[in-house]
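Summary of the model geometry
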Amino acid sequence: ADIGAAQTLLPYLGRMDPLSGLAMVMSGISPSAPFSDVLKAGQVPENSLTGWFFDFLAFALQGLPASATQAAGVSFMMREFFAPGAVMDYPKGGSGALVDALLRAVEKRGGELRLRTRVEKLAVDKTGRCTGVELKGGKGLEARVAVLCNADVWNTSSKLLPEEWRPKVRGSSLDVEGVPMCPSFMHLHLGFRTEGLDLEAMGVHHITAADLQAPVDATDNLVFISIPSAIDDTAAPKGYACLHAYLPATEPYDAWAGMDRRSDEYKRKKEERAAPLWKAVERVIPDIQSRLVVRMVGTPLTHERFLNRYRGTYGPAYRAGIQSYPSPQTPLRGLWCIGEGSFPGIGVPAVAGNAAGVANTIAPLEMHQRLLERLRKAELL
Ligand SMILES: Cc1cc2nc3c(=O)[nH]c(=O)nc-3n(C[C@H](O)[C@H](O)[C@H](O)COP(=O)(O)OP(=O)(O)OC[C@H]3O[C@@H](n4cnc5c(N)ncnc54)[C@H](O)[C@@H]3O)c2cc1C
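Naming follows an unreviewed UniProt entry, where the protein appears as CRTISO protein of Symbiodinium necroappetens.

As structure tokens, this is what we get:
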């Protein structure tokens with residue numbers, strides 16, 4: 001029994017929702033079961049538009065259809081998605097605004113962010129303790145408490161983990177042998193003139209489906225489009241708007257591997273593979289071509305390079321009921337693999353929950369108590 005858990009939980013028991021999660025447990029659904037089991041228990045007909053919509057949401061959040069997505073990774077997000085007053089939103093100022101908010105919180109508490117600081121290796125001592133990181137250029141950073149790594153699992157195990165430790169971690173969460181990988185993305189980033197367009201009426205989010213009968217993860221089927229300028233007039237200069245369209249987690253990396261980004265072959269392939277994106281955007285803004293001022297096509301190589309993602313992947317593709325996400329704990333003491341490579345998987349809420357769980361495990365009891373007290377005083381508990 002964990003006395004610390006009892007000490008932190010008991011004073012707040014009265015404020016917890018006693019039914020939270022109970023329905024799922026009562027239906028006998030394991031958190032690692034497919035999300036489609038939750039839908040079945042909720043009597044959502046598989047071949048209905050509602051069934052399609054949940055299938056799409058599971059795919060949008062974790063890169064797999066509902067029949068392969070683990071219930072734990074998406075169920076709590078669905079609960080929030082359909083909560084009274086919830087909307088599918090977009091952060092004003094773009095995703096950078098979210099990063100800035102997190103950074104303010106980190107710096108306020110004495111933390112520091114180092115940009116353009118590449119980690120080359122994890123430092124591991126002879127006893128198997130991760131003691132810090134080695135940076136590009138040779139400098140080292142020593143960890144006072146632990147190293148939390150959210151580089152993707154493939155880069156962590158094949159580049160960051162010192163070679164001598166690779167054979168010793170076989171079969172653990174640091175071994176990527178047999179870890180299934182989601183495909184990559186095609187992107188279209190556009191800047192366009194807005195004269196005569198009612199952006200507000202157009203709205204920020206659009207999803208186009210080439211074929212509603214085809215599986216949600218079929219090649220070139222779903223295109224996700226965001227027009228942040230519809231709600232954020234700082235996203236582009238006055239009279240202009242920006243748009244991002246992408247084919248999510250369906251573009252195979254192999255077709256692009258090893259290509260020279262300056263070659264004609266690459267440029268031709270970019271145009272060819274951007275065609276489904278143009279088709280989708282034209283369904284929303286039919287005369288987009290005559291309005292263009294900026295156009296940029298991103299490929300799996302772009303995704304790999306700018307997002308630091310191994311083979312431009314969306315993340316692991318563990319299929320519910322067959323494989324499950326590993327725990328963030330690793331066999332190297334002091335090293336935790338947070339991020340979308342460990343339970344509960346892909347998606348910002350999932351990785352935030354994962355990191356919060358690890359912070360919870362590492363932090364001593366009095367820190368938990370201080371935090372709970374602050375939340376209580378701020379009437380957040
Ligand atoms: C186009 C797109 C749309 C998405 N939309 C949504 C959405 O609407 N909702 C949602 O919940 N999720 C969405 N996701 C998924 C979500 O973004 C990811 O699941 C989440 O960001 C994963 O977080 P992470 O911390 O594991 O990894 P990341 O966010 O990839 O962070 C890892 C960081 O580590 C850095 N890094 C890697 N290697 C090194 C190194 N050696 N040295 C230094 N730094 C390094 C990387 O540059 C990166 O900044 C989307 C993803 C994409 C690509």
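**Let's talk about the domain arrangement of the protein**
Per the domain assignment, the segments making up the protein are domain 1 (21–81), domain 2 (102–179 + 318–377) and domain 3 (186–312). The C-alpha-based centres of domain 1 and domain 2 are spaced at 28 Å. Contacts between the two partners involve 14 residues from domain 1, matched on the other side by 14 residues from domain 2. Summed over the shared surface of domain 1 and domain 2, the result is 0 salt bridges. On inspection of domain 1 and its partner domain 2, the count reaches 4 residue pairs in polar contact (both at pLDDT 80 or more).

**Focus: the packing of aromatic side chains**
Applying the stated criterion to the full structure yields 12 aromatic pairs. Between the aromatic rings of Phe 56 and Phe 224, the centroid separation amounts to 5.6 Å while the plane-to-plane angle is 75°, which identifies the pairing as edge-to-face. Of this pair, Phe 56 sits in helix H4 (residues 49–62) while Phe 224 sits in strand E7 (residues 222–226); the two residues are 168 residues apart in sequence, bridging distant segments of the chain. Ring centres of Phe 81 and Phe 82 lie 5.3 Å apart, and the angle between their planes is 65°; on these two criteria the pair is classed as edge-to-face. When its relative accessible area of 31% is taken as the criterion, Phe 81 is described as partly exposed. Three or more aromatic residues joined by ring pairs form one cluster here, namely Trp 52, Phe 53, Phe 56, Phe 185, Phe 224, Tyr 246 and Tyr 314. When the ring centre of Trp 256 is taken as reference, the NZ or CZ atom of Lys 269 above it lies at 5.2 Å.

**With respect to the sheet that holds strand E5 (residues 184–193)**
An order of E6-E7-E8-E5-E9 is seen for the 5 strands of this open sheet, with the pairing classed as antiparallel. A single partner strand is all that each edge strand has here, and the edge strands are strand E6 (205–209) and strand E9 (292–298). The sheet shows a mean angle of 15° between the axes of neighbouring strands, direction not considered. Across 3 bridges, E7 lies against strand E8 (residues 240–251) in antiparallel orientation. Along E8, the bridge assignment pairs Ser 226 with His 244. Seen against the sheet, H4 touches E6, E7 and E8 and runs at an angle of roughly 70° to E7. Sitting on the sheet, helix H9 (residues 264–284) touches E5, E6, E7, E8 and E9, and the angle it makes with E5 is about 55°.

**Looking at a positive patch on the surface**
Together, Lys 108, Arg 109, Arg 370 and Arg 374 make up a region of like positive charge exposed at the surface. Within the secondary structure, Arg 374 sits in helix H13 (residues 365–377).

**Here's the deal with the pairing of E5**
Regular strands place their side chains on alternate faces of the sheet. Burial within E5 is extensive, with 8 of its 10 residues counted as buried. When E5 meets E8, the two strands line up antiparallel, connected through 9 bridges. When the sheet's bridge partners are listed, Gly 191 is paired in E8 with Cys 242.

How each quantity is defined
- Residues numbered from 1 in each chain as written.
- Predicted model: local features only at pLDDT ≥ 70, side-chain atom pairs only at ≥ 80, totals over all residues.
- Heavy atoms only, no water.
- Domains from an automatic or database assignment.
- Contact = heavy atoms within 4.5 Å.
- Salt bridge = Lys/Arg side-chain N within 4 Å of Asp/Glu carboxyl O.
- Polar contact = N/O pair within 3.5 Å; in protein donor to acceptor, adjacent residues only side chain to side chain.
- Phe/Tyr/Trp six-rings, centres within 6.5 Å; stacked < 30°, edge-to-face > 60°.
- Helix = DSSP H or I, 4+ residues; strand = E, 2+ residues; numbered from the N terminus.
- Buried < 20%, exposed > 50% of the residue type's maximum accessible area, 1.4 Å probe, protein only.
- Lys NZ or Arg CZ within 6 Å of the ring centre and 35° of its normal.
- Pairing = 2+ DSSP bridges.
- Axes fitted to C-alpha atoms, helices over the stretch in contact; angles between N-to-C directions.
- Patch = residues over 30% accessible without salt bridge, like charges linked within 9 Å, V, L, I, M, F, W, Y side chains within 5 Å.
- Areas by Shrake-Rupley, 256 points an atom, 1.4 Å probe, with all protein chains shown as cover.
- Lys, Arg positive; Asp, Glu negative; His and termini not counted.
- Charge placed at Lys NZ, Arg CZ, Asp CG, Glu CD.

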